[in-house]
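What the coordinates show
This is what each chain is made of:
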Amino acid sequence: MITAYLTHPDCQLHHMGPEHPESPLRLEAIRARLSLAGVLQQTMQFDAKEASQEALARVHPWRHLQALDKCVPEEGIVTLDSDTMMNPDSLQAARVAAGAVVKGVDQVFKRQADNVFCAVRPPGHHAEAADAMGFCFYNNVAVGAAHARDKYGARRIAILDFDVHQCNGTIDIFKNDPNILICTSFQYPFYPWRYLRSEWQNVVNTPLEVGTDSAAFRRIIERHWLPALHAFKPDLVMISAGFDAHKDDPMADICLEDEDFHWITHLAMEIATLYADNRLVSVLEGGYNLETLGRGVEAHLKALLGLPYSANPPEEPQ
């Protein structure tokens, strides 16, 4: 598999204070782990570009975009809600994060790559059409899906979200859209406390009890997601890749292992191979233990590259 790796230095400029878990250190930890493991070198690396206002406006109303622009401080940090803060560079980082997914969609439809991983921040899946929340400003995966539909005529887009928190923003934007299938697994009951009921035919809500382990997770995903995906037959697979369901992540209480991220990525790739000519675009969401985040993304990238899972730790250079 040809895997593209998209990121941008501007993603490091956004910060929400020294104690905030969604920090620039997350991308540093990912890059360090992938480099040490020799995985990053097997990808095609590109810088992302900013998403255009037109691309953002496909999923966020103009009035909301203008209101966000007005919130940007000249210096310091302003608070949008109890979890979400903005510094002078936050929206620049957010535009690049959304733009990475747009570029990833371009690459898979132009056959420049089989699949893409966007190592970007801030994350996006909690951002609703007209509400920034949960560390998120623009809904990155939704911006990419809307671009795929508008520019390439994608007719059936599957969005798979295995972050420990439900993708309320993605659901808010695409609920009742018969051409988008959303499969979301999440700890329940838990943040974001909205859209948790399965009220829409195009949303497969997969709540997980506290303490759900690898075996239970895999059984539930196979039972809930696979029938829906085979019935839907997507022509593009997109992943909101959160790694905070790991057993050592401080954010929640689901007990996944590193290998589970390889397993679920391989499952998504099988769907993409069957129905979408391998087209798959993944974007980083959560994951707040820096060590397990790096290992989880390594497992994810190995699956995207078509490599087997290996638990052997990379050796530190002498």
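Residues numbered from 1 in each chain as written. Predicted model: local features only at pLDDT ≥ 70, side-chain atom pairs only at ≥ 80, totals over all residues. Heavy atoms only, no water.

1. Some points on unusual backbone geometry
- In this structure, the amide linkage connecting Tyr188 to the following residue, Pro189, adopts the cis form with an omega of -5 degrees.
- For Pro189, the position within the fold is in the loop between β7 (180-187) and β8 (203-208).
- Put simply, Tyr191 and Pro192 share a cis peptide bond, and its omega is 20 degrees.
- Mapped onto the fold, Pro192 is located in the loop between β7 and β8.
- The phi dihedral of Phe135 is positive, around 75 degrees, even though this residue is not glycine. (Helix = DSSP H or I, 4+ residues; strand = E, 2+ residues; numbered from the N terminus.)

2. Focus on the packing of helix α7 (residues 214-232) against helix α8 (residues 258-275)
- The interhelical angle for the contact between α7 and α8, taken along N-to-C directions, is 15 degrees, at an axis separation of 11 Å. It follows that α7 is roughly parallel to α8 by the angle criterion. The two elements α7 and α8 meet at a crossing, and its hand is right-handed. Mapping the contact onto sequence places Ser214, Phe217, Arg218, Ile221, Glu222, Trp225, Leu226, Leu229 and His230 in α7 and Glu259, Asp260, Trp263, Ile264, Leu267, Ile271, Leu274 and Tyr275 in α8.
- Its residues placed into classes, the contact of α7 with α8 shows 11 nonpolar, two polar and four charged. (Axes fitted to C-alpha atoms, helices over the stretch in contact; angles between N-to-C directions. Parallel < 35°, antiparallel > 145°, perpendicular 65-115°, else oblique. Left-handed = near helix turned anticlockwise from the far one by under 90°. Contact = heavy atoms within 4.5 Å. Nonpolar A, V, L, I, M, F, W, Y, C, P; charged D, E, K, R; others polar.)

3. Examining the pairing of strand β2 (residues 44-47)
- Pairing of strand β1 (residues 3-7) with β2, which is carried by four bridges, proceeds in the parallel orientation. For Leu6, the partnering residue across the bridge sits in β2 and is Phe46.
- In the classification by handedness, the crossover that spans β1, the intervening helix α1 (residues 25-36) and the parallel β2 is right-handed. (Pairing = 2+ DSSP bridges. Right-handed = clockwise from strand over helix to strand, strands pointing away.)

4. Remarks on helix α4 (residues 90-109)
- Here α4 spans 29 Å end to end across 20 residues, near enough to the 28 Å set by a 1.5 Å rise per residue.
- Counting buried positions along α4 gives 19 out of 20 residues, so the element sits mostly inside the fold.
- Arg111 lies just past α4 and shows a positive phi near 60 degrees. (Expected span 1.5 Å × (residues − 1). Buried < 20%, exposed > 50% of the residue type's maximum accessible area, 1.4 Å probe, protein only.)

5. Here's the deal with the environment of Leu208
- Considering the arrangement of structural elements, one finds Leu208 in strand β8.
- Relative accessible area serves as the criterion here: at 4%, Leu208 is assigned to the buried category.
- In this structure the C-alpha to C-alpha distance between Leu208 and Phe186, which are 22 residues apart in sequence, comes to 5.6 Å.
- In this view, Leu208 contacts Ser185, Phe186, Gln187, Tyr188, Phe217, Ile220 and Ile254; residues no more than four positions away in its chain are not counted.

6. Notes on the UniProt feature "domain: Histone deacetylase" (unreviewed entry) in the protein
- Here the UniProt-annotated "domain: Histone deacetylase" (unreviewed entry) positions come out as residues 20-304.
- Annotated as 42% helix and 15% strand, the span residues 20-304 places its first and last C-alpha atoms 30 Å apart. (UniProt positions renumbered as here; feature names shortened; annotations may be inferred.)

7. Section: the pattern of salt bridges
- Inspection of the entire model under this criterion finds 16 salt bridges.
- Linking Arg121 and Glu22 is a salt bridge whose minimum nitrogen-to-oxygen distance equals 2.7 Å. Of this pair, Arg121 sits in the loop between β5 (115-118) and α5 (140-152) while Glu22 sits in the loop between β1 and α1, and the two are 99 residues apart along the sequence. Judged on exposure class, the residue Arg121 and its partner Glu22 are both buried.
- One salt bridge connects Arg33 with Glu298, and the closest N-O pair in it is separated by 2.6 Å. With a gap of 265 residues between them, Arg33 in helix α1 and Glu298 in helix α9 (residues 290-305) connect regions that are remote in the sequence. (Salt bridge = Lys/Arg side-chain N within 4 Å of Asp/Glu carboxyl O.)

8. Observations regarding the side chain of Arg121
- By relative accessible area, Arg121 is classed as buried at 0%.
- In this structure the side chain of Arg121 is engaged in a polar contact, spanning 2.7 Å, whose partner is the backbone oxygen of Cys11.
- Polar contacts involving the side chain of Arg121 include one to the main-chain carbonyl oxygen of Ser23, which spans 3.3 Å.
- Look past the residues within four positions of Arg121 in its chain and what remains in contact with it is Cys11, Gln12, His14, His15, Glu22, Ser23, Pro24, Arg26, Leu27, Ala93 and Ala97. (Polar contact = N/O pair within 3.5 Å; in protein donor to acceptor, adjacent residues only side chain to side chain.)

9. Quick look at the sheet that holds strand β9 (residues 236-241)
- Across the sheet, which stays open at both edges, the eight strands sit in the order β2-β1-β5-β10-β9-β6-β7-β8 with parallel pairing between neighbours. Looking at which strands have only one partner, the edges of the open sheet turn out to be β2 and β8. Direction aside, neighbouring strands of the sheet carry axes that sit 15 degrees apart on average.
- Alignment of β7 against β8, held across six bridges, turns out to be parallel. If you follow Phe186 over to β8, its bridge partner there is Pro207.
- Along the sheet face, α8 touches β5, β6 (157-161), β9 and β10 (280-284) and points at about 165 degrees away from the line of β9.

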